[in-house]
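Topology and contacts: notes
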Amino acid sequence: MDMPPVILSSSRWARRQFGSVDLSDQRRDRRVIAMAVHLVRNPSASLPAQMGSLKALKAAYRVLDEEDVSYEALMTPHWKQTCRFASQERLVLMVQDTTVIDHTHHPTTKG
């Protein structure tokens with residue numbers, strides 16, 4: 001009999017997904033986990049709305065502005081955790097959004 005899926009609290013999920021992040025400073029590592037707690041609670045909101053306070057927002061911006069804090073450094077623990085969990089299952093569906101955005105009607109838009 002299959003076990004029902006476990007629903008984790010936002011803090012437990014954040015520690016599980018980003019607990020092994022290594023940004024060469026334990027304070028940054030802890031801040032990333034704290035940010036993830038806020039992000040997962042309201043993933044479609046803006047960063048200011050997600051962080052919930054000006055203090056937390058400024059702390060998030062400080063971490064994200066560090067030269068050695070990159071997308072890869074932030075996401076590697078999550079990618080590894082996802083691969084580890086997926087390797088334990090017989091069948092894994094990897095759902096993705098294939099939306100294509102067309103900005104040709106905005107000729108001044110760059111990037």
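Quick caveat, the model's predicted, so the values are computed rather than measured. The numbers attached to residues start from 1 for each chain and follow its sequence in the written order. For this predicted model, a pLDDT threshold of at least 70 governs which residues receive local features, and a threshold of 80 or more governs which side-chain atom pairs are given and counted, while totals over whole chains, interfaces and linings are taken from all residues. Here the side-chain values reflect all heavy atoms present in the structure, with hydrogen atoms and water set aside.

1. Some thoughts on the packing of helix H1 (residues 10-18) against helix H5 (residues 71-86)
- Note on definitions: angles span 0 to 180 degrees between N-to-C directions of axes, and those axes are lines fitted to C-alpha atoms, for helices only across the stretch in contact. Helix and strand assignments come from DSSP, with helices taken as H or I runs of at least 4 residues and strands as E runs of at least 2, each series counted from the N terminus. The N-to-C vectors of H1 and H5 enclose an angle of 95°; their axes lie 7 Å apart at closest approach. Relative to H5, the element H1 lies roughly perpendicular. Between H1 and H5, the contacting residues are Arg16, Gln17 and Phe18 on the first element and Leu74, Pro77, His78, Gln81, Thr82 and Phe85 on the second.
- By the convention adopted, Pro, Cys, Tyr, Trp, Phe, Met, Ile, Leu, Val and Ala count as nonpolar, Lys, Arg, Asp and Glu as charged, and the other residues, Gly among them, as polar. In the contact of H1 with H5, the residues fall into 4 nonpolar, 4 polar and 1 charged. For classification purposes, an angle smaller than 35 degrees is called roughly parallel, one larger than 145 roughly antiparallel, one from 65 to 115 roughly perpendicular, and anything else oblique. The criterion used for residue contact is that any of the two residues' heavy atoms lie within 4.5 Å.

2. A short note on the nonpolar core
- The criterion is simple. A nonpolar core is a set of buried Ala, Val, Leu, Ile, Met, Phe, Trp, Tyr and Cys residues joined through side-chain atoms within 4.5 Å. Residue exposure (1.4 Å probe, protein chains only): buried if accessible area is under 20% of the type maximum, exposed if over 50%, otherwise partly exposed. Ala14, Phe18, Val21, Leu23, Val32, Ile33, Ala36, Val37, Val63, Val69 and Leu74 together form the largest nonpolar core, which totals 11 residues.
- Those elements that provide at least two residues to this core are H1 and helix H2 (26-41).
- The dominant element in this core, judged by the number of residues it contributes, is H2, at 4 residues.
- When sequence neighbours within four positions are dropped, the list of residues in contact with Phe18 reads Trp13, Val32, Ile33, Ala36, Leu74, Pro77 and His78.
- Formed by 6 residues, the second largest nonpolar core is a distinct cluster that contains Leu47, Ala56, Leu57 and Ala60.

3. As for H5
- For a helix, the expected span equals 1.5 Å multiplied by the residue count minus one. With 16 residues, H5 should cover 22 Å at 1.5 Å per step; its first-to-last C-alpha distance of 22 Å lies within 8% of that length.
- Remark: the principal bend of H5, roughly 25°, maps to Pro77.
- Along H5, the residues that are buried comprise Leu74, Met75, Pro77 and Gln81.
- Residues of H5 that are buried sit in contact with H1, H2 and helix H4 (54-65). Bend, in this description, refers to the angle at a residue between axes fitted to the seven residues ending there and the seven starting there.

Geometric values such as these leave the question of function open.
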